[in-house]
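# A closer look at the structure
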Amino acid sequence: MFLVTNFDTTGYVEENKVSIQIGARELRYRWFAEKMRKNDIKTLVTAHHVDDSLETFLINLSRGTGIDGLTGIPEKTDTVSRPLLRFSRSQILEYAQSQKLQWREDGSNADTKYLRNKIRHEIVPLLKDLNPSFLKNFTKTQDHLSESAALIDSQVKELKSRLFQENNGIVRISIAELLKLEPISAYIHALFRDYGFTEWNDVENLLSAMSGKEIHSKTYRLLKDREFLLLTKIKEESDVQFLLKKNKLRF
């Protein structure tokens, strides 16, 4: 079975205020997810390779990122598998040519107006020229970063199990216990990033704010309540339909 689709990428980009490459990626994976649901497919297999991971690393590095942004593209998630991620672009091309395989190249891959392509065609070749083992060493670095990230995640999970006390949908977090953590900024980011908060100074400032002060992400509210922070999920307001009839309001 071979499936083809088309997207109004430009319209999506304008509506969602994202770059053309991010918009195309979101549309692509949304379509994949839809086909997986309809056909009861558990795993999506993609052809990402180690050069793709290097490009992602450099993009995130140029924009400023933490360790998660430097670990590259994950080999496997709950729904996606990337079995070629250990192989380079040149290795895959060499194999395809030796087996006389035919493939189609996306014409936009050569357009250096896109950041990823500029890195691919102008920066990565220079890095490989500087050190022929660059790609191999990069893979080792990725392994080390992934191991470090796993250690951090384990520590954060243990810490959250101790500090985040949930009762009836409200999570109470002792401010005194948070203030014992150093460096506090790093811990604040690690503990609250899964709840959609991005303005980390606002989260940290909440520790010393007056009681009643609160901040919001798209999905959660964080409230200062004396010696505690209260974390609650923001409930979506249900649509209420109103019917006007004979001067009476009914819903």
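In what follows, the structure referred to is the one given above.
For the structure given in this document, a descriptive report is provided here. Bear in mind the structure is a predicted one, so any value in this text is a computation, not a measurement.

### Remarks on the overall build of the protein
Scanning the protein from terminus to terminus reveals ten helices and nine strands. Expected size for 251 residues packed as a compact globule is a radius of gyration near 18 Å; at 24 Å, the protein overshoots this value by more than 25%. By its C-alpha atoms, the protein is 70 × 60 × 35 Å across when sized along the principal axes. For the protein, with 251 residues in total, the buried portion stands at 30%. Expressed as a percentage of contacts within the protein between residues at least 6 apart in sequence, the contacts between residues at least 24 apart total 49%. By element, 52% of the accessible surface of the protein is carried by carbon and sulfur atoms, the whole surface being about 18,200 Å².

### Concerning unusual backbone geometry
Each neighbour pair has its own omega, and for Glu182 with Pro183 the value is -5°, a cis peptide bond. Along the polypeptide, Pro183 turns up in the loop between helix 8 (175–179) and helix 9 (184–192). Phi at Lys17 takes a positive value of approximately 55°, unusual for a residue other than glycine. One can find Lys17 in the loop between helix 1 (9–16) and helix 2 (20–38). Accessibility expressed as a relative area gives 72% for Lys17, which makes it exposed.

### Notes on the pattern of salt bridges
Evaluated as defined, the whole model comprises 16 salt bridges. A salt bridge links Arg120 to Glu55; the nearest nitrogen and oxygen atoms lie 2.9 Å apart. Here the residue Arg120 occupies a position in helix 6 (residues 115–130), and Glu55 occupies one in helix 3 (residues 50–63), the gap between them amounting to 65 residues. By relative accessible area, Arg120 is classed as buried at 14%. What emerges from the salt-bridge pattern is a single network uniting Asp52, Glu55, Arg89, Arg116 and Arg120.

### Structural notes on the packing of aromatic side chains
Counting across every chain of the model gives six aromatic pairs. Between Trp31 and Phe32, the aromatic rings sit 5.9 Å apart at their centres with planes inclined by 50°, giving tilted as the arrangement. On the accessibility criterion, Trp31 (16% relative accessible area) is buried. Ring geometry for Phe164 and Tyr195: centres 6.3 Å apart, planes at 20°, overall stacked. With Phe164 in strand 3 (residues 164–167) and Tyr195 in the loop between helix 9 and helix 10 (200–206), this residue pair connects regions lying 31 residues apart in the sequence. Tyr195 gets classed as buried once you look at its relative accessible area, which sits at 14%. Residue placement shows Arg25 over the ring face of Tyr29; its charged tip is 4.6 Å from the ring centre. Lys160 extends its terminal NZ or CZ atom over the ring of Phe164, reaching a point 5.5 Å from the ring centre.

### Side note on helix 6
With 16 residues, helix 6 should cover 22 Å at 1.5 Å per step; its first-to-last C-alpha distance of 21 Å lies within 8% of that length. The largest bend in helix 6 comes to about 35°, at Ile123, with the proline Pro125 one to four residues further on. Residues of helix 6 that are buried include every one of Asn117, Ile119, Arg120, Val124 and Leu127, and no others. Next to the buried residues of helix 6 lie helix 3, helix 5 (89–98) and helix 7 (134–163).

### A word on the layout of surface pockets
When its volume is computed, the second largest pocket comes out at roughly 220 Å³. Surrounding the second largest pocket, 14 residues form its lining, Ile73, Glu75, Arg86, Gln142 and Asp143 being those nearest its centre. Among the secondary structure elements, those contributing two or more residues to the lining of the second largest pocket are helix 3 and helix 7. The greatest single-element share of the lining of the second largest pocket, amounting to five residues, is contributed by helix 7. Here the lining of the second largest pocket is built from residues that sort into five nonpolar, six polar and three charged.

### With respect to the packing of helix 3 against helix 7
Where helix 3 contacts helix 7, the two axes come as close as 11 Å, and the packing angle between them is 65°. If you check the angle between helix 3 and helix 7, you find them roughly perpendicular. Here helix 3 runs over helix 7; the crossing is left-handed. Contact with helix 3, carried on its side by Val50, Asp51, Ser53, Leu54 and Phe57, involves Phe134, Leu135, Phe138, Thr139, Gln142 and Leu145 of helix 7 and no other residues of that element. Here the residues of the contact of helix 3 with helix 7 are counted per class, giving seven nonpolar, three polar and one charged.

Thresholds applied
Residues numbered from 1 in each chain as written. Predicted model: local features only at pLDDT ≥ 70, side-chain atom pairs only at ≥ 80, totals over all residues. Heavy atoms only, no water. Helix = DSSP H or I, 4+ residues; strand = E, 2+ residues; numbered from the N terminus. Rg over C-alpha atoms; globule rule 2.2 N^0.38 Å. Buried < 20%, exposed > 50% of the residue type's maximum accessible area, 1.4 Å probe, protein only. Contact = heavy atoms within 4.5 Å. Areas by Shrake-Rupley, 256 points an atom, 1.4 Å probe, with all protein chains shown as cover. Salt bridge = Lys/Arg side-chain N within 4 Å of Asp/Glu carboxyl O. Phe/Tyr/Trp six-rings, centres within 6.5 Å; stacked < 30°, edge-to-face > 60°. Lys NZ or Arg CZ within 6 Å of the ring centre and 35° of its normal. Expected span 1.5 Å × (residues − 1). Bend = angle between axes of the 7 residues up to and from the residue. 1 Å grid on protein atoms, 1.4 Å probe; cavity = no way out; pocket = protein on both sides within 12 Å on 5 of 7 lines; lining within 4 Å. Points joined across faces, edges and corners; volume = space filled by probe spheres on them. Nonpolar A, V, L, I, M, F, W, Y, C, P; charged D, E, K, R; others polar. Axes fitted to C-alpha atoms, helices over the stretch in contact; angles between N-to-C directions. Parallel < 35°, antiparallel > 145°, perpendicular 65-115°, else oblique. Left-handed = near helix turned anticlockwise from the far one by under 90°.

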